[in-house]
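Close look at the chain arrangement
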Amino acid sequence: MDNFVDLFMVSPLLLAVLFFVAMLAGFIDALAGGGGLLTVPALLAVGMNPAQALATNKLQACGGSLSASLYFIRRKVVNLADQKLNILMTFIGSTSGALLVQHVQSDILRQILPILVICIGLYFLLMPKLGEEDRQRRLYGLPFALIAGGCVGFYDGFFGPGRARFTRWPSLRSPVLTSRNPRRTRRY
């Protein structure tokens, strides 16, 4: 049993609890996004370093983002050639956020993360209708790429949970992601 704890750094019971939290978070993520609002606090509660908790959460979220991206690309909802600037700005923003979170002291992150989780949770509660109907496209080109790619990418790289909800509003104004059913365009 000691070898198990040494290998996984948590007891078998805590590992089982984390597994079920991850399953529930994945289910919530698939339905509406925001599963990281469960996984990040759970990882912090078992004593994981804040930067490692965020990185672990981000790694598990990559699978859903990749499958959603492939889904939209295969169905020709998204044309990658038209998204080069958005992809570049998202990469720059998310890389900047990920680099910054590594340089913030763990004690400061431990104080910031619960506040971020509460704020994002309140955002989910108070803004349930955001993006429910199609709207006219308002941003084009570089301004769209900076906001939808750069800013949301930075948030995703720094913290991440709830990012899909933030991408809903700019995606509905994107030249390629508008649709009659906005729920189909939850992620890009």
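Everything numeric here is computed off the predicted structure, so don't read it as measured data.

Procedures and definitions
- Residues numbered from 1 in each chain as written.
- Predicted model: local features only at pLDDT ≥ 70, side-chain atom pairs only at ≥ 80, totals over all residues.
- Heavy atoms only, no water.
- Helix = DSSP H or I, 4+ residues; strand = E, 2+ residues; numbered from the N terminus.
- Buried < 20%, exposed > 50% of the residue type's maximum accessible area, 1.4 Å probe, protein only.
- Contact = heavy atoms within 4.5 Å.
- Axes fitted to C-alpha atoms, helices over the stretch in contact; angles between N-to-C directions.
- Parallel < 35°, antiparallel > 145°, perpendicular 65-115°, else oblique.
- Left-handed = near helix turned anticlockwise from the far one by under 90°.
- Nonpolar A, V, L, I, M, F, W, Y, C, P; charged D, E, K, R; others polar.
- Core = buried A, V, L, I, M, F, W, Y, C linked by side-chain atoms within 4.5 Å.
- Polar contact = N/O pair within 3.5 Å; in protein donor to acceptor, adjacent residues only side chain to side chain.
- Expected span 1.5 Å × (residues − 1).
- Arc of directions from axis to C-beta.
- pLDDT = per-residue confidence, 0-100.

Take the overall build of the chain next. Across its full length, the chain holds eight helices and zero strands. Here the chain holds 188 residues, and 37% of them are scored as buried. Restricting to contacts in the chain with at least 6 residues of sequence separation, those with at least 24 account for 69%.

A few words on the packing of helix α5 (residues 84–103) against helix α7 (residues 141–158). Taken N-terminus to C-terminus, the directions of α5 and α7 make an angle of 30°; their axes are 6 Å apart at the nearest point. Between α5 and α7, the crossing angle belongs to the class labelled roughly parallel. You can see that α5 and α7 cross each other, and the crossing is right-handed. Every residue of α7 that contacts α5 at L85, N86, M89, T90, G93, S94, S96, G97, A98, L100 and V101 is listed here: G141, L142, F144, A145, L146, A148, G149, G150, G153, F154, G157 and F158. Residues that form the contact of α5 with α7 fall into these classes: twelve nonpolar, eleven polar and no charged.

Below, the discussion takes up the side chain of T39. Among the structural elements, T39 can be located in helix α3 (residues 36–45). Setting aside residues up to four positions removed in sequence, T39 forms contacts with V21, A22, A25, N57 and Q60.

The subject of this paragraph is the nonpolar core. Counting 17 residues, the largest nonpolar core has L54, F158 and F159 as its most contacted members. Secondary-structure elements contributing two or more residues to this core are α3, α4 (50–74), α6 (106–126) and α7. Top contributing element to this core by residue count: α3, with five residues.

Inspection of the secondary structure assignment puts N79 in the loop between α4 and α5. In this structure the side chain of N79 is engaged in a polar contact, spanning 3.1 Å, whose partner is the backbone nitrogen of A81.

It is worth spelling out α5 at this point. Spanning 20 residues, α5 covers 29 Å between terminal C-alpha atoms, matching the ideal 28 Å at 1.5 Å per step. Listing the buried residues of α5 in full gives N86, M89, G93, G97 and V101. The arc enclosing the buried residues of α5, seen along the axis, measures out at 100°, which places them on a common side. Seen from the open side of α5, the exposed residues pointing more than 90 degrees away from its buried face are K84, F91, Q102 and H103.

Unlike most non-glycine residues, K76 shows phi in positive territory, near 60°. Inspection of the secondary structure puts K76 in the loop between α4 and α5.

So, on to the confidence of the model for the chain. Mean pLDDT over the chain stands at 76; residues scoring 70 or higher make up 74%. When mean pLDDT is taken per element in the chain, α5 scores highest with 89 and helix α8 (residues 163–171) scores lowest with 56. Taken together, the stretch residues 170–188 has pLDDT below 50 and engages in 60 contacts with residues farther than four places along the chain or on a different chain.

Where α3 contacts α6, the two axes come as close as 10 Å, and the packing angle between them is 155°. With respect to each other, α3 and α6 are oriented roughly antiparallel. α3 and α6 meet at a crossing whose hand is left-handed. For the pair α3 and α6, the contacting residues are L37, P41 and L44 in the first and R110, L113, V117, I120, G121 and F124 in the second.

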